[in-house]
Amino acid sequence: QVQLQQSGAELAKPGSSVKISCKASGYTFTSYYISWIKQTTGQGLEYIGYINTGSGGTNYNEKFKGKATLTVDKSSSTAFMQLSSLTPDDSAVYYCARGLYYSPGAYWGQGTLVTVSS
Amino acid sequence: DIQMTQSPSSLPASLGDRVTITCRASQDIGNYLRWFQQKPGKSPRLMIYGATNLAAGVPSRFSGSRSGSDYSLTINSLESEDMAIYYCLQHNEYPPTFGGGTKLELK
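Residues numbered from 1 in each chain as written. Chains lettered and ligands numbered in written order. Predicted model: local features only at pLDDT ≥ 70, side-chain atom pairs only at ≥ 80, totals over all residues. Heavy atoms only, no water.

**Quick notes on the overall build of chain A**
Piece 1. Tallying secondary structure elements over chain A gives zero helices and 10 strands in all.
Piece 2. Beginning at the N terminus, the succession of helices and strands in chain A can be written as β-β-β-β-β-β-β-β-β-β.
Piece 3. By the compact-globule yardstick of 13 Å for 118 residues, chain A fits well, its C-alpha radius of gyration being 13 Å.
Piece 4. If one aligns the C-alpha atoms of chain A with their principal axes, the spans along those axes are about 40 × 25 × 25 Å.
Piece 5. Classification of the 118 residues of chain A by burial places 52% in the buried group.
Piece 6. The contacts in chain A between residues at least 6 apart in sequence include a share of 54% that link residues at least 24 apart. (Helix = DSSP H or I, 4+ residues; strand = E, 2+ residues; numbered from the N terminus. Rg over C-alpha atoms; globule rule 2.2 N^0.38 Å. Buried < 20%, exposed > 50% of the residue type's maximum accessible area, 1.4 Å probe, protein only. Contact = heavy atoms within 4.5 Å.)

Here you go:
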């Protein structure tokens, strides 16, 4: 069955970076894009961007350019998102989701909580 | 970016009720509209795609409709397991944007 398994919760200091992983199984990894979504209590759900898992091409929401960097390791069917120059506003649950293009579909990871605090 | 205005933000209802949640798009999105259900501590679950199509495994008491730029999710005969937050998502134009969410709770 299709699964997206995300890495565990992160506690990071302001100014640092974190890298979250999303390991796919149960399907041909390169046949679907991976999108990343941010969820906070205040801002709800925000779309960060997507990666073409076949070519490695990326497209970011303008709001997250410079904040998020999406990469992929096809050999391990894993997508990654690095968040840099962290501030408390980056504290959120981050989800990866599978889609045919940039649209998050039926399969999501379980979410990764990132907490930014000194 | 396309704005999705979702209403109401909170919806108290009783078991057995028929409820409707609406999203209004700030621009034309065609039928590129999805509805998600999210329960506490869980990932969003796809309920409706293409504005009106039921996703796999979703009970038939859920339905989606469109009237112009207004998109609705209707739940007939509400059950306790339906208590959750519901979000719409437009994916006609990049970046995809979500509605603000509707918290469906027991009256």
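Moving on from the coordinates now.
**What to know about the interface of chain A and chain B**
Piece 1. Taken residue by residue, the interface counts 21 residues in chain A and 17 residues in chain B.
Piece 2. Note on chain A versus chain B: buried area summed over both sides is about 1400 Å², and carbon and sulfur give 60% of it.
Piece 3. Ranking the residues of chain A by area buried against chain B places Leu45(A), Tyr102(A) and Trp108(A) at the top, with a combined share of 39%.
Piece 4. For the interface between chain A and chain B, the tally reads zero salt bridges. (Buried area = accessible area lost by both parts, 1.4 Å probe. Salt bridge = Lys/Arg side-chain N within 4 Å of Asp/Glu carboxyl O.)

**Observations concerning the pattern of salt bridges**
Side chains that carry opposite charge are capable of pairing whenever their charged atoms lie near each other.
Piece 1. Following the criterion strictly, the structure yields eight salt bridges over all chains and no others.
Piece 2. When the shortest N-O distance is used, the salt bridge between Lys67(A) and Asp90(A) registers 2.8 Å. On the criterion of sequence distance, the pair formed by Lys67(A) in the loop between β6 (58-60) and β7 (68-73) and Asp90(A) in the loop between β8 (78-83) and β9 (92-99) is long-range, its members being 23 residues apart.
Piece 3. Residue Asp90(A) is classed as buried on the basis of its relative accessible area, which comes to 7%.
Piece 4. Asp70(B) serves as the salt-bridge partner of Arg24(B), at 2.6 Å between the closest nitrogen and oxygen. Of this pair, Arg24(B) sits in strand β3 (residues 19-25) while Asp70(B) sits in strand β8 (residues 70-75), and the two are 46 residues apart along the sequence.
Piece 5. Since its relative accessible area comes to 48%, Arg24(B) is described here as partly exposed.
Piece 6. Bridged by salt links that share partners, the residues Arg61(B), Glu79(B), Glu81(B) and Asp82(B) form one connected network.

**Some thoughts on the sheet that holds strand β1 (residues 4-7) of chain B**
All names here are of chain B.
Piece 1. Spatially, β1-β3-β8-β7 is the arrangement adopted by the four strands of the open sheet, whose pairing is antiparallel. Because the sheet does not close on itself, it has two edges, and the strands there are β1 and β7 (62-67). Taking each pair of neighbouring strands and ignoring which way they run, the sheet shows an average axis angle of 20°.
Piece 2. Across six bridges, β7 lies against β8 in antiparallel orientation. In the sheet register, Arg66 faces β8, and the bridge partner there is Tyr71. (Pairing = 2+ DSSP bridges. Axes fitted to C-alpha atoms, helices over the stretch in contact; angles between N-to-C directions.)

**Section: the state of the cysteines**
Residue and element names in this part refer to chain B.
Piece 1. In total, this model carries two disulfides over all chains according to the counting rule given.
Piece 2. Residue Cys23 pairs covalently with Cys88 via a disulfide, S to S 1.9 Å. Every disulfide takes its handedness from the sign of the S-S torsion; for Cys23 and Cys88 that torsion is -85°, giving left-handed. Of this pair, Cys23 sits in strand β3 while Cys88 sits in strand β9 (residues 84-90), and the two are 65 residues apart along the sequence. (Disulfide = S-S within 2.5 Å.)

**What about the layout of surface pockets?**
Piece 1. When its volume is computed, the largest pocket comes out at roughly 450 Å³.
Piece 2. Lining the largest pocket are 23 residues, and of these Gln43(A), Gly44(A), Leu45(A), Glu46(A) and Phe98(B) sit closest to its centre.
Piece 3. Secondary-structure elements contributing two or more residues to the lining of the largest pocket are β4 (33-40), β5 (44-51) and β9 of chain A together with β10 (97-98) of chain B.
Piece 4. At four residues, β5(A) tops the list of elements feeding residues into the lining of the largest pocket.
Piece 5. Residue composition of the lining of the largest pocket, by class: nine nonpolar, 11 polar and three charged.
Piece 6. Considering only enclosed or pocket space, the second largest pocket measures out at about 270 Å³ in volume.
Piece 7. What lines the second largest pocket is a set of 14 residues, among which Gly99(A), Leu100(A), Ser103(A), Gly105(A) and Arg34(B) lie closest to the centre.
Piece 8. Taken together, the residues of the lining of the second largest pocket sort by class into eight nonpolar, four polar and two charged. (1 Å grid on protein atoms, 1.4 Å probe; cavity = no way out; pocket = protein on both sides within 12 Å on 5 of 7 lines; lining within 4 Å. Points joined across faces, edges and corners; volume = space filled by probe spheres on them. Nonpolar A, V, L, I, M, F, W, Y, C, P; charged D, E, K, R; others polar.)

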